Amino acid sequence: MSFPAHLPDFAGTPSQPWSADRDETLRCIHIRQETHDVKTFVLAADAPRSFRYLPGQFITLELEIAGQKINRCYTLSSSPTRPDVVSITVKRVPGGVVSNWLHEHLRVGMALGVMGPSGDFSCFVQPAKHYLLMSGGSGVTPLMSMARALHDLGSDADVVFVHCARTPADVLFAEELALMARNMPKFRVAIVCEQHTAGSSYAGHLGRMDAARLAHIAPDFMQRDVYTCGPAPFMGAVRTLLDQAGFDMARYRQESFSFEETVAPAAPTTGPAPAAAGGAVLHTITLKKTAQSFSCAEDQTILQAAFAAGVRLPSSCSSGACGTCKSLSLSGKVQMQHAGGIRQREIDQGWMLPCCSKPLSDVALDR
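What counts and how
Residues numbered from 1 in each chain as written. Predicted model: local features only at pLDDT ≥ 70, side-chain atom pairs only at ≥ 80, totals over all residues. Heavy atoms only, no water. Salt bridge = Lys/Arg side-chain N within 4 Å of Asp/Glu carboxyl O. Helix = DSSP H or I, 4+ residues; strand = E, 2+ residues; numbered from the N terminus. Buried < 20%, exposed > 50% of the residue type's maximum accessible area, 1.4 Å probe, protein only. Pairing = 2+ DSSP bridges. Contact = heavy atoms within 4.5 Å. Axes fitted to C-alpha atoms, helices over the stretch in contact; angles between N-to-C directions. Parallel < 35°, antiparallel > 145°, perpendicular 65-115°, else oblique. Left-handed = near helix turned anticlockwise from the far one by under 90°. Nonpolar A, V, L, I, M, F, W, Y, C, P; charged D, E, K, R; others polar. Core = buried A, V, L, I, M, F, W, Y, C linked by side-chain atoms within 4.5 Å. Phe/Tyr/Trp six-rings, centres within 6.5 Å; stacked < 30°, edge-to-face > 60°. Lys NZ or Arg CZ within 6 Å of the ring centre and 35° of its normal. Expected span 1.5 Å × (residues − 1).

Considering the pattern of salt bridges
- Across all of its chains, the model carries 14 salt bridges by this definition.
- Salt-bridge contacts for D158 lead to R224; the nearest nitrogen and oxygen are separated by 2.7 Å. One end of the pair, D158, is in strand 10 (residues 158-165); the other, R224, is in the loop between helix 4 (211-217) and strand 13 (225-229), with 66 residues separating them in the sequence.
- Assessed through its relative accessible area of 17%, D158 is described here as buried.

Examining the sheet that holds strand 13
- Ordered in space as 12-11-10-9-13-14, the six strands form an open sheet in which the pairing is parallel. Looking at strand neighbours, the two that pair on one side only are strand 12 (205-206) and strand 14 (252-255), the edges of this open sheet.
- Bridging between strand 13 and strand 14 involves four bridges; their strand directions are parallel. Across the sheet, T228 pairs through a bridge with Q254, a residue of strand 14.

Brief notes about helix 1 (residues 97-105)
- Every buried residue belonging to helix 1 is among V98, S99, N100, W101, L102 and H103, and all of these are buried.
- Contacts made by the buried residues of helix 1 are with strand 3 (38-45), strand 5 (58-65), strand 6 (68-75), strand 7 (86-91) and strand 8 (111-118).

Digging into the packing of helix 2 (residues 140-152) against helix 3 (residues 174-183)
- Between helix 2 and helix 3, the least distance of the axes is 11 Å, while the angle of their chain directions is 30°. Comparing their axes, helix 3 and helix 2 come out roughly parallel. The two elements helix 2 and helix 3 meet at a crossing, and its hand is left-handed. In contact with M144, A147, R148 and H151 of helix 2, helix 3 contributes E176, L177, M180 and N183.
- When the residues that make up the contact of helix 2 with helix 3 are grouped by side-chain class, the tally is four nonpolar, two polar and two charged.

Considering the nonpolar core
- Counting 23 residues, the largest nonpolar core has L61, I88, L102 and L112 as the members making the most contacts within it.
- Elements with a contribution of two residues or more to this core: strand 2 (24-35), strand 3, strand 5, strand 6, strand 7, helix 1 and strand 8.
- The element that contributes the greatest number of residues to this core is strand 5, accounting for four residues.
- Once residues within four sequence positions are removed from consideration, L102 is found in contact with F41, L61, Y74 and V90.
- In terms of nonpolar packing, the next biggest core, distinct from the first, is built from 22 residues, A147, F173, L177 and Y227 among them.

What to know about the packing of aromatic side chains
- If you walk through the whole model with that rule in mind, you get three aromatic pairs.
- Cluster of aromatic residues (ring-pair linked, three or more members): F121, Y131 and Y227.
- Sitting over the ring of F173, R148 keeps its end group 5.0 Å from the ring centre.

Focus: helix 2
- The end-to-end C-alpha distance of helix 2 is 18 Å, a good match for the 18 Å that 13 residues give at a rise of 1.5 Å each.
- The element helix 2 is largely enclosed, with a buried count of 11 among its 13 residues.
- All of the buried residues in helix 2 are V140, T141, P142, L143, M144, S145, M146, A147, R148, A149 and L150.
- Remark: G154 follows helix 2 within two positions and exhibits a positive phi of approximately 65°.

Some points on the sheet that holds strand 15 (residues 282-287)
- On the basis of which strands lie adjacent, the open sheet formed by five strands has the order 16-15-21-17-19 and mixed pairing. Strands with a single pairing partner mark the edges of an open sheet, and in this sheet they are strand 16 (292-297) and strand 19 (351-352).
- Summarising the sheet, strand 15 and strand 16 pair through six bridges and their orientation is antiparallel. For I285, the partnering residue across the bridge sits in strand 16 and is F294.

Quick look at the structure:
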C-alpha cells in the first residue's frame with residue numbers, strides 16, 4: 001500500500017529536524033475554514049521532517065506576490081507535540097496584501113518558502129504552575145499553540161484561557177478549547193464577546209474585558225503568570241488593567257506584530273536633510289522605487305526614522321527576528337544588529353533589515 005508523500009515515514013529513515021538556520025520549502029496539505037474570515041493552513045515538508053519549536057513561536061513566509069518579494073511572519077497555531085506538520089491561522093485583513101493572497105490563492109499542493117522558527121513568547125521558556133492566557137481575535141494563535149502542547153503533554157498546570165472576540169461568529173477554536181477543558185480538570189475557558197450575533201445561541205460573557213469581569217473569571221489572577229496576544233488596543237487595555245490592580249508585571253508577557261498591511265505610502269519627500277538636533281549626525285535615506293527620502297540620525301534605526309517621517313515600510317517584529325522588513329541596499333553603510341531574521345549570504349548580497357539598522361552614511365534602498 002502506498003501513502004501520500006506528506007504522511008510521516010514512521011517505519012523509514014529518521015526525519016531531519018527543523019532548523020532555523022536553513023530555508024525550508026513547505027507544501028500546503030490542508031485548509032480549514034475556521035470562521036467567515038479566518039483560515040488555517042496546514043503545512044508539511046515533502047520529505048519526512050520533525051518540526052521542533054517552542055509553542056508560541058512564529059515562522060516567516062517568503063512569498064512573491066505580483067512580482068514583489070514579500071516576507072511576512074505568522075505565529076504557529078500548531079503544537080510541536082504533533083511534529084509532522086505545522087499550521088498557521090490567518091485572519092483576512094481588508095486590503096491586506098499577504099492575508100488576502102493566502103485566502104484567495106493558496107491551495108492544497110502549493111509550495112511556500114519558510115524561514116523559522118523564531119521568537120521567545122512561550123510559557124515553556126519560563127514554566128509556571130498557574131497561567132492566565134488572554135487572547136484577542138486572531139491573537140489566539142500563539143496561546144492556542146501553548147494550550148495544545150500543555151494538553152498533549154498531560155500537564156497538571158492550572159490554566160485559565162480567556163478568548164475575546166467581536167461577536168460569537170468570530171470566536172476561534174471554541175470546540176477544541178471546550179474539549180481541552182473536559183480533558184484537563186485544571187483547564188478553564190471563558191469566552192468574552194463585545195456584542196451578540198443575531199440568531200446565535202451564545203450565552204457567554206458580553207461586553208469588553210474590565211477589572212470586574214477578569215476578577216469574576218479568574219479571582220486569583222494576581223497569582224498567575226499572564227500571557228496575552230491580540231490587537232495593540234486589546235493588549236494595552238489588559239496591561240493597564242493589570243498594572244492598576246498592582247499585578248507584578250515581571251510575570252506579564254505579550255506578543256505583537258506591528259505590521260500594517262493597508263497603510264498607503266506617504267507622499268514623496270525631497271530636499272536636504274534638516275539640521276541635526278543636539279549635534280546628532282543625520283543621514284538621508286532614499287527609497288528608489290517610491291522616490292521618497294527622509295532623514296535618519298545615527299542613533300536611531302531606519303525603520304524608526306521612516307515611521308517618524310510618515311513613510312511606511314513593512315515590518316512585524318521590529319527587532320531583527322522575522323525578516324519582514326528585509327530590503328536591498330543600493331548604496332551606503334549601516335550598523336546592523338539582527339536577531340536571526342537575515343542570513344549571512346543575504347547580507348553578503350546587500351540585503352539589510354531597516355528595523356535593526358542604523359545609518360553610518362546616506363543610504364539608498366531598492367524600495
